[in-house]
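The chain contents come next:
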Amino acid sequence: MVNLNKQNHHAIIEQSKAFCPSNIALAKYWGKQHIELNIPTNPSLSISLNQLGTEAKISQAENDQLLINSKKIPQKSVIYQRVFNWIRKTLGNQRPKLSISTTSNIPIAAGLASSASAFAAITVALNSFLGLNLDLKYQSAMARLGSASAARSIYSGFVSLVPQTINKQTTCFAEPIDIVWKELRLAIILVNDKQKAISSTQGMQYTKKTSPLFKSWQTFAKASFKQILTAITTKNFTQMGELSEHNAFTMHATMLAANPPLIYIQPESLAIIQQVQQIRKLGNEVYCTIDAGPNVKLLYQAKDKNTIKIHFPKAQIIQPF
Ligand code: PMV
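It should be emphasised that the depicted structure is a prediction, and the values quoted were computed from it without experimental measurement.

1. Section: the overall build of the protein chain
Argument step 1. Scanning the protein chain from terminus to terminus reveals 9 helices and 13 strands.
Argument step 2. The C-alpha atoms of the protein chain give a radius of gyration of 19 Å, which matches the 20 Å a tight globule of 321 residues would have.
Argument step 3. Projected onto its principal axes, the C-alpha positions of the protein chain cover 65 × 40 × 40 Å.
Argument step 4. Split into buried and exposed, the 321 residues of the protein chain put 54% on the buried side.
Argument step 5. Counting only contacts in the protein chain whose residues sit at least 6 apart along the sequence, the fraction spanning at least 24 positions is 75%.
Argument step 6. When the accessible area of the protein chain is evaluated, it comes to approximately 15,100 Å², of which 52% is carbon and sulfur surface.
Argument step 7. Distance between charge centres in the protein chain, computed from 34 positive and 16 negative side chains, equals 6 Å.

2. Here's the deal with the pattern of salt bridges
Argument step 1. According to the stated counting rule, one finds 5 salt bridges in the structure shown.
Argument step 2. Measuring nitrogen to oxygen at the nearest pair gives 2.8 Å for the salt bridge that ties Lys-297 to Asp-291. When sorted by exposure, Lys-297 lands in the same class as Asp-291, which is buried.
Argument step 3. Of the charged contacts in the structure, one is a salt bridge between Asp-304 and Lys-303, with a shortest N-O distance of 3.5 Å.
Argument step 4. Through salt bridges that share partners, Lys-28, Asp-291 and Lys-297 make up one connected network.

3. Section: the site of the ligand
Argument step 1. Taken together, 13 residues form the shell around the ligand, and within it Tyr-29, Ser-149, Arg-152, Ser-200 and Asp-291 come nearest.
Argument step 2. In the environment of the ligand, an oxygen atom lies 3.5 Å from a nitrogen or oxygen atom belonging to the backbone of Ala-148.
Argument step 3. Separating an oxygen atom of the ligand from a side-chain N or O atom of Ser-149 is a distance of 2.7 Å.
Argument step 4. In the complex, 91% of the free accessible area of the ligand, which totals 380 Å², lies under the protein chains.

4. Some thoughts on the pairing of strand E10 (residues 184-189)
Argument step 1. Of all 6 residues that make up E10, 6 are buried, and the element is covered over most of its length.
Argument step 2. Burial along E10 is two-sided: the face carrying Leu-184, Leu-186 and Ile-188 and the face carrying Arg-185, Ala-187 and Ile-189 are both buried.
Argument step 3. Alignment of E10 against strand E12 (residues 296-301), held across 6 bridges, turns out to be antiparallel. Within E12, the position partnered with Leu-186 by the bridge is Leu-299.

5. Looking at the side chain of Thr-54
Argument step 1. Of note, Thr-54 is situated in strand E4 (residues 44-60).
Argument step 2. With relative accessibility at 0%, the residue Thr-54 sits in the buried group.
Argument step 3. At 2.8 Å, the side chain of Thr-54 forms a polar contact with the side chain of Ser-104.

6. Observations regarding the packing of helix H2 (residues 78-91) against helix H3 (residues 114-129)
Between two packed helices, the angle of one axis relative to the other and the distance separating the axes together describe the packing.
Argument step 1. Following both chains from N to C, one finds H2 and H3 inclined at 40 degrees, their axes separated by 12 Å at the closest point. Between H2 and H3, the angle is such that the two are oblique. Considering the relative orientation of H2 and H3, their crossing is right-handed. Residues Arg-82, Val-83, Trp-86, Ile-87 and Leu-91 of H2 touch H3, and the partners they reach there are Ser-115, Phe-119, Ile-122, Thr-123 and Leu-126.
Argument step 2. Grouping the constituent residues of the contact of H2 with H3 by class yields 7 nonpolar, 2 polar and 1 charged.

7. Some thoughts on the packing of aromatic side chains
Each aromatic ring pair is summarised here by two numbers: the centre-to-centre distance and the angle between the ring planes.
Argument step 1. For the coordinates displayed, the defined rule picks out 8 aromatic pairs.
Argument step 2. Taking 4.9 Å as the distance between ring centres and 90 degrees as the angle between the ring planes, the aromatic pair formed by Trp-86 and Phe-119 counts as edge-to-face. On the criterion of sequence distance, the pair formed by Trp-86 in helix H2 and Phe-119 in helix H3 is long-range, its members being 33 residues apart.
Argument step 3. Measuring from ring centre to ring centre gives 6.4 Å for Trp-181 and Phe-237, while their planes differ by 85 degrees; the resulting arrangement is edge-to-face. Taken together, the positions of Trp-181 in the loop between strand E9 (169-176) and E10 and Phe-237 in helix H7 (residues 237-256) put the pair 56 residues apart, joining distant regions of the chain. Each member of the pair, Trp-181 together with Phe-237, is buried.

8. Remarks on the nonpolar core
Argument step 1. One finds Ile-58, Leu-66, Ile-87, Ile-100 and Leu-126 to be the most contacted residues of the largest nonpolar core, which totals 38 residues.
Argument step 2. With 8 residues, the top contributor of residues to this core is H3.
Argument step 3. What Ile-87 contacts, discounting residues up to four positions off in sequence, is Gly-92, Arg-95, Leu-98, Ile-100 and Leu-126.
Argument step 4. Judged by nonpolar contacts, the second largest core, of 26 residues, contains Ile-106, Leu-184, Ile-188 and Met-240.

9. Regarding the pairing of strand E11 (residues 287-290)
Argument step 1. What you see with E11 is no split at all: Tyr-287 and Thr-289 on one side and Cys-288 and Ile-290 on the other are buried throughout.
Argument step 2. Of the pairings in the sheet, the one linking E11 to E12 comprises 4 bridges and is antiparallel in character. Directly across from Tyr-287, in E12, lies its bridge partner Leu-299.
Argument step 3. Hairpin connection between E11 and E12: a loop of 5 residues separates the two successive antiparallel strands.

About the thresholds
- Residues numbered from 1 in each chain as written.
- Predicted model: local features only at pLDDT ≥ 70, side-chain atom pairs only at ≥ 80, totals over all residues.
- Heavy atoms only, no water.
- Helix = DSSP H or I, 4+ residues; strand = E, 2+ residues; numbered from the N terminus.
- Rg over C-alpha atoms; globule rule 2.2 N^0.38 Å.
- Buried < 20%, exposed > 50% of the residue type's maximum accessible area, 1.4 Å probe, protein only.
- Contact = heavy atoms within 4.5 Å.
- Areas by Shrake-Rupley, 256 points an atom, 1.4 Å probe, with all protein chains shown as cover.
- Lys, Arg positive; Asp, Glu negative; His and termini not counted.
- Charge placed at Lys NZ, Arg CZ, Asp CG, Glu CD.
- Salt bridge = Lys/Arg side-chain N within 4 Å of Asp/Glu carboxyl O.
- Near = heavy atom within 4 Å.
- Polar contact = N/O pair within 3.5 Å; in protein donor to acceptor, adjacent residues only side chain to side chain.
- Pairing = 2+ DSSP bridges.
- Axes fitted to C-alpha atoms, helices over the stretch in contact; angles between N-to-C directions.
- Parallel < 35°, antiparallel > 145°, perpendicular 65-115°, else oblique.
- Left-handed = near helix turned anticlockwise from the far one by under 90°.
- Nonpolar A, V, L, I, M, F, W, Y, C, P; charged D, E, K, R; others polar.
- Phe/Tyr/Trp six-rings, centres within 6.5 Å; stacked < 30°, edge-to-face > 60°.
- Core = buried A, V, L, I, M, F, W, Y, C linked by side-chain atoms within 4.5 Å.

In structure tokens, the structure reads:
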């Protein structure tokens with residue numbers, strides 16, 4: 001918990017604002033080793049989405065309130081409880097009442113990491129609003145308590161998130177990977193922007209409990225993380241694409257082996273995945289990845305931009321660097 005001493009309170013300013021990008025994992029995390037501390041079982045690695053993400057505004061209020069995309073969220077709702085329970089866990093009860101307002105330019109909770117950018121942006125805004133002076137590692141760890149992938153949204157570019165033991169305590173915070181890859185592009189193919197029926201936390205617990213593939217996934221995910229990291233640091237696009245795609249489908253296979261199966265991929269998603277395989281057969285290097293939702297994300301290089309335009313005219317294109 002953060003120590004909110006008197007000095008901190010003096011630092012309160014009228015309003016503070018912060019923007020954090022959303023991120024897409026190339027080496028995915030699926031499974032928690034510690035629920036209360038929200039520590040993943042396996043390392044993960046992501047790419048931040050540059051201008052796509054969430055802006056958080058914090059100001060003092062008479063009563064706690066949460067606004068998402070200008071809409072006031074009822075106190076009883078799951079999301080309100082999630083945000084203010086996280087704030088209680090990290091800041092305790094000796095804090096001023098807060099008005100938190102987030103505005104995202106990505107669909108909420110459709111496997112597009114909107115909660116990641118929201119928890120990260122709220123953390124950064126709280127840090128300056130309350131004058132906490134937390135370093136980025138600590139901000140990342142604080143964001144993780146809200147949503148583990150939010151730990152990665154503190155940074156832009158490639159980011160790793162590795163559980164580790166420090167002074168006999170397990171912890172986890174993200175670290176940026178110092179690689180700039182100008183030619184890299186991502187495209188989001190929106191299948192459905194409805195909220196997912198099963199949250200990732202529920203999905204992870206349920207997969208861990210019932211999928212006979214879960215143990216193998218853990219072993220695979222650790223090795224795959226290292227391989228993807230090497231592909232990135234050596235800027236080997238083919239390897240990065242192939243490994244990321246394999247990582248995503250191994251995660252989905254593990255979910256599919258849960259009993260009853262946990263299915264995030266929809267028929268439209270599958271059609272896009274098969275279209276990507278066809279495009280590759282024609283000699284264009286395009287790879288896909290998919291998270292806890294039906295939307296498909298493509299990885300390609302700037303030289304293939306026309307191919308993407310022709311096959312996916314409605315795709316949202318992201319230039320991460
Ligand atoms: O951080 P959460 O609880 O939103 O879970 C993220 C899970 C995946 O998006 C599927 C993978 C990842 O590492 O981002």
